[in-house]
Amino acid sequence: MDDVMERAPVIVGGVEIAESAIAAEVQNHPAPDAEAAWNAAAEALAIRQLLLAEADRLEIDPGERCDAEGRRLADDDARIDALLSQEVAVPVANEGEARRFYDQHRERFASEPLVEAEHILFSASPDDEFNYSLAVGDARMAIRELEKDPACFAELAKAKSACPSKEQGGNLGQIGKGQTVAEFERALFALSEGELCRNPVKSPFGVHVIRAGRRVEGRQLPFEMVEASIREYLEEASYRKAMAQYLSILGSQTSIEGVELPIADGPLVQ
């Protein structure tokens, strides 16, 4: 039985894109499976051919063009670059637009809160039900000891924790959101300063006893500090939209076979 999948030829404006070219392009398109990678490569090369054909139609003369690092572009890349420079307007975001975006999305421009964390880890795999339940029991005993004598946390950590932080008495330093596993993070950030979590916290690493230390709340970053990055973001978003519209127009004017271009969803030019 032949396991090789038969694919329809990819033809853009009467020009067939060789399967060997698509196969070579696949490496530039990581995907969950081989078929998805092939389709992404075929889409990219189809759009490339679409742009090259338009550059020919407009008799684009690229001259010598370089990339952002100052390296000279290959002829086809230079032609595409010159075409897009001529046909797709590069937007410029002004201060007013940037400030409106800042005011509408202030939560994006605030630093994350930080919490100093202490923990004791009783290591066990969640797949090992018996040992995991023992770890939960050990954690409960440690919590009871700490409730009686909060000052013994460092001593308990050094004696019982399976985490390297035991050498620092279980101190992990300041933790920000996204820096640790979700189970640990939820428990830690729910605690007030100096509070011990009253229940063992289960995670893929085992079972934790957690105590929160000093908390540093996040602060709003001033507009002046983030204005440049907002302008860059807005300009990039506008350029992508303009590119998608331009490619949509070209695609509607050209016969394309063997691949369906999701042009309306955004540009695929690499």
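Let us look at the structure shown here. (Residues numbered from 1 in each chain as written. Predicted model: local features only at pLDDT ≥ 70, side-chain atom pairs only at ≥ 80, totals over all residues. Heavy atoms only, no water.)

### Some remarks on the nonpolar core
Nonpolar side chains in soluble globular proteins tend to be buried together. Counting 26 residues, the largest nonpolar core has Val10, Ile17, Ile22, Ala46, Leu51, Leu84 and Tyr246 as the members making the most contacts within it. When residues of this core are traced back to their parent elements, those giving at least two are β1 (10–12), α2 (34–57), α3 (75–87) and α8 (223–252). It is α2 that contributes the most residues to this core, 10 residues altogether. Look past the residues within four positions of Ala46 in its chain and what remains in contact with it is Val10, Val12, Ile17, Val259 and Leu261. With 17 residues, the next largest nonpolar core counts Ile120, Ala124, Ala135 and Leu156 among its residues. (Core = buried A, V, L, I, M, F, W, Y, C linked by side-chain atoms within 4.5 Å. Buried < 20%, exposed > 50% of the residue type's maximum accessible area, 1.4 Å probe, protein only. Helix = DSSP H or I, 4+ residues; strand = E, 2+ residues; numbered from the N terminus. Contact = heavy atoms within 4.5 Å.)

### Observations concerning the environment of Asp103
Looking at where Asp103 falls in the secondary structure, it is placed in helix α4 (residues 95–104). Residues Asp103 and Gln86, 17 residues apart in the sequence, show an inter-C-alpha distance of 34 Å.

### Quick notes on the sheet that holds β1
Strands belonging to one sheet form pairs held by backbone hydrogen bonds; the direction of such a pair is parallel or antiparallel. The strand order across the open sheet formed by 3 strands is β2-β1-β7, and the pairing between neighbours is antiparallel. Across the chains shown, the open sheet's two edge strands, defined by having one partner strand only, are β2 (15–17) and β7 (256–257). Bridging between β1 and β2 involves 3 bridges; their strand directions are antiparallel. Bridge pairing in β2 links Val10 to Ile17. On top of the sheet, α2 reaches β1, β2 and β7; it is set at about 20° to β1, its chief contact. (Pairing = 2+ DSSP bridges. Axes fitted to C-alpha atoms, helices over the stretch in contact; angles between N-to-C directions.)

On their own, these measurements won't tell you what the molecule is for.
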